[in-house]
Amino acid sequence: MALLKVKFNQKKRVKLAQGLWLMNWFSVFAGILVFSMGLFLKIELRKRSEVMDNSESHFVPNSLILMGILSCAFNGFAGKICYDSLDPAKFAKWKPLLKPYLALCFFFNILIFFTALICFLMRGSLESTLAQGLKNSMKFYRDTDTPGRCFMKKTIDMLQIEFKCCGNNGFKDWFEIQWISNRYLDFSSKEVKDRIKSNVDGRYLVDGVPFSCCNPSSPRPCIQYQVTNNSAHYSYDYQTEELNLWHRGCREALLHYYSSMMSSMGAVVLLVWLFEMSVMVGLRLLHTSLESIANPEDPECESEGWILENSLKDTLKSALESLKKLGKFNQVEADAEGAEGEEGGKTPAITTVS
C-alpha cells in the first residue's frame with residue numbers, strides 16, 4: 001500500500017505546481033538568509049580570532065554558508081521544474097532527472113538537519129577554544145614592543161570594555177601573569193626587585209588588573225592596584241566590593257554571546273529544514289501524480305500521487321535486499337577476477353619428444 005496516497009485532477013495538479021513554484025522561491029530567499037547568517041557569524045568569529053586557540057569554531061559558519069548556497073541552487077532548480085510541469089511537453093525532459101534529484105534533496109535535507117544540530121552542540125568545543133585562546137592572549141598583553149603581538153593589549157582592553165568582563169575566568173587571572181611590560185618598571189626600586197626575586201620565574205606579579213577591568217558604574221574611583229589589600233584603601237573590602245571591577249570572566253561572556261547567536265541560528269535553520277521537507281514532499285507528490293496519468297493525451301484525467309509506492313516497511317525491506325544483491329554481485333565479480341588471475345598465472349606444461 002502506497003504511503004500518503006492522494007487523488008489529483010488537473011486543477012489540483014496545477015495548484016500544487018503553482019504553490020510549489022512559490023514555495024521554492026521562498027526557499028531561495030531562506031537559503032540567502034542562511035548564507036548571510038553564516039557570513040555574519042564568520043566575521044564575528046574573525047573579529048576575535050586572536051583570543052581563540054584554533055579554527056574549529058569556523059566549522060559552524062562554513063556549514064551555514066555551504067547550506068545557503070546549496071539551498072539556493074536546489075530550490076532554484078526545483079522552481080524551474082514546477083514551472084515547466086504546467087506544460088506536458090516541457091515537463092517531459094525533466095522526467096528522467098526527477099528521481100535522482102529527489103534523492104539528492106533527501107540527503108540535502110539530512111545535511112541541513114545536522115547543520116542545525118551542530119549550531120546547538122558546538123558550545124563545548126567553543127568553550128575550550130576560548131579558554132585556551134584567552135589564556136595565551138593574556139600572556140602577550142605586555143608585549144607592546146614585540147612585532148606581531150603589539151596589538152594584543154588593545155585587543156584585550158577593547159574586549160574587556162565591550163563585554164564588561166575581566167580576565168579568563170575572573171579578575172584574579174591577572175594576578176598570575178606579568179601584564180606590565182619591563183619597559184615601565186623601575187628596576188632600581190626596592191619594591192620591584194623584591195617582587196621579582198620572590199617569584200621563581202623572575203616575573204613581576206601584582207594583585208592588580210588593567211584599567212579595562214574597571215566598572216564605570218562604580219560609585220568610587222577604580223581600584224586596580226592592591227586589589228586584595230583591604231588596608232591599602234579606605235572603607236574597602238575586595239570580597240564584597242562588587243561594583244569596582246567586572247567579576248565575570250571574558251570566557252563566560254564570549255561563550256554566552258556566541259552560544260546565544262548559534263542557538264538562534266540553529267532555530268532558524270530548523271525552520272528552514274521543515275520548510276524544505278514540505279517542499280520535497282510536495283515535489284514528490286507532483287512527480288508521482290504526473291507520472292501516474294493513465295492517458296497522457298488527456299491531461300484532464302485524474303491521477304494518484306504518493307510519497308512512497310509501497311509502505312515504509314516494504315520500502316526499507318526492498319532497499320536492504322537491493323543492497324544485499326549488490327554486495328553479492330560485487331563478491332561474484334571479485335571471485336571471477338581472482339579465478340582468471342590464477343588461471344593466467346599457470347604456465348602450460350611442455351613435453352619434449354626425444
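Quantities reported herein were computed from a predicted structural model and do not represent experimental measurements.

Undergrad: Got a minute to help me understand the UniProt feature "transmembrane region" (unreviewed entry) in the chain in this structure?
TA: In the numbering adopted here, UniProt assigns the feature "transmembrane region" (unreviewed entry) to residues 20–41, 101–122 and 255–275. The span residues 20–41 carries 100% helix and 0% strand; its end-to-end C-alpha distance comes to 31 Å. Secondary structure over residues 101–122 splits into 95% helix and 0% strand, and the C-alpha atoms at its two ends are 31 Å apart.

Undergrad: What's the story with the side chain of Ser218 in this structure? I'm lost.
TA: You can see Ser218 is positioned in the loop between helix H7 (190–198) and helix H8 (250–291). Separated by 3.3 Å, the side chains of Ser218 and Asn244 make a polar contact. Those residues in contact with Ser218, other than ones at most four positions away along the chain, are Leu243 and Asn244.

Undergrad: What is the right way to read the packing of helix H1 (residues 10–47) against H8 from this model?
TA: Across the interface, H1 lies against H8 with an axial gap of 9 Å and an inter-helix angle of 155°. One finds that H1 runs roughly antiparallel with respect to H8. As for the relative orientation of H1 and H8, their crossing is left-handed in sense. By residue class, the composition of the contact of H1 with H8 is 26 nonpolar, five polar and three charged.

Undergrad: Before we go on, may I ask you to explain the packing of helix H4 (residues 95–121) against H8 in this structure?
TA: Relative orientation and spacing of two packed helices are given, respectively, by the angle between their axes and the distance between those axes. Two elements in contact, H4 and H8, have axes whose closest approach is 8 Å; the angle formed by their N-to-C orientations is 165°. It follows that H4 is roughly antiparallel to H8 by the angle criterion. Judged by the sense of rotation from one axis to the other, the crossing of H4 with H8 is left-handed. Residues belonging to the contact of H4 with H8 are distributed by class as follows: 19 nonpolar, four polar and three charged.

Conventions used here
- Residues numbered from 1 in each chain as written.
- Predicted model: local features only at pLDDT ≥ 70, side-chain atom pairs only at ≥ 80, totals over all residues.
- Heavy atoms only, no water.
- UniProt positions renumbered as here; feature names shortened; annotations may be inferred.
- Helix = DSSP H or I, 4+ residues; strand = E, 2+ residues; numbered from the N terminus.
- Polar contact = N/O pair within 3.5 Å; in protein donor to acceptor, adjacent residues only side chain to side chain.
- Contact = heavy atoms within 4.5 Å.
- Axes fitted to C-alpha atoms, helices over the stretch in contact; angles between N-to-C directions.
- Parallel < 35°, antiparallel > 145°, perpendicular 65-115°, else oblique.
- Left-handed = near helix turned anticlockwise from the far one by under 90°.
- Nonpolar A, V, L, I, M, F, W, Y, C, P; charged D, E, K, R; others polar.

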